[in-house]
Amino acid sequence: MQEENTPPPPSDGPAPPPLPPPSTGSPTDFLKGVVGKHVIVRLTSGVDYRGILSCLDGYMNIALEQTEEHVNGAVTNRYGDAFIRGNNVLYISAAEAL
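What counts as what
Residues numbered from 1 in each chain as written. Predicted model: local features only at pLDDT ≥ 70, side-chain atom pairs only at ≥ 80, totals over all residues. Heavy atoms only, no water. Helix = DSSP H or I, 4+ residues; strand = E, 2+ residues; numbered from the N terminus. Contact = heavy atoms within 4.5 Å. Polar contact = N/O pair within 3.5 Å; in protein donor to acceptor, adjacent residues only side chain to side chain. Pairing = 2+ DSSP bridges. Axes fitted to C-alpha atoms, helices over the stretch in contact; angles between N-to-C directions. Core = buried A, V, L, I, M, F, W, Y, C linked by side-chain atoms within 4.5 Å. Buried < 20%, exposed > 50% of the residue type's maximum accessible area, 1.4 Å probe, protein only.

If you had to explain the environment of Ser93 to someone new, which residues and values would you point to?
As for its placement among the helices and strands, Ser93 is situated in strand S5 (residues 89-94). It is 8.8 Å that separates the C-alpha atoms of Ser93 and Val34, two residues lying 59 residues apart in sequence. The residues touching Ser93, leaving out its near neighbours within four places in the chain, are Phe30, Val39 and Ile40.

Can you explain the side chain of Asp48? Please cite residues and give values.
By the element assignment, Asp48 lies in strand S2 (residues 48-56). Here Arg42 takes part through its side chain, which lies 2.3 Å from a polar atom of the side chain of Asp48. Residues within four places of Asp48 in sequence aside, it is in contact with Ile40, Val41, Arg42, Glu68, Glu69 and His70.

Quick rundown of the sheet that holds strand S4 (residues 74-84)? Include the residues and the values.
If you walk across this open sheet you meet the 5 strands as S4-S3-S2-S1-S5, and the pairing is antiparallel. Among the strands making up the open sheet, the edge pair consists of S4 and S5. Adjacent strand axes in the sheet meet at a mean angle of 30 degrees, parallel and antiparallel pairs treated alike. Pairing geometry for strand S1 (residues 38-43) and S2, over 5 bridges, is antiparallel. The partner of Arg42 across the bridge, within S2, is Asp48.

So what about the nonpolar core? Which residues, and what values?
Val41, Ile62, Leu64 and Ile84 are the most contacted members of the largest nonpolar core, which totals 13 residues. Going through the elements one at a time, helix H1 (27-34), S1, S2, strand S3 (62-71) and S5 are the ones with two or more residues in this core. Apart from the residues lying within four places of it in its own chain, the contact partners of Ile84 are Val41, Leu43, Tyr49, Met60, Asn61, Ile62, Leu64 and Val89.

Pasting the structure below:
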């Protein structure tokens, strides 16, 4: 009789592939890596701004180029350049794979 805590016997199938190494980059590394790329900026109000991250500072003030404003998933406005004050930013996400 097997105890309940013993592992099951090994199967004859192939071993699962190894897991990819965990990402160890810091938030600063991420932000440096997305400058010049398409990003999504979510504000505390729930509005999203999508555009190319031009620059940002230590207060999370953000400059975007080719910006689109999205409310409830629909484009509501398009701007050439947009400046977002950092205290309104909930998060910044990469819109494309890094």
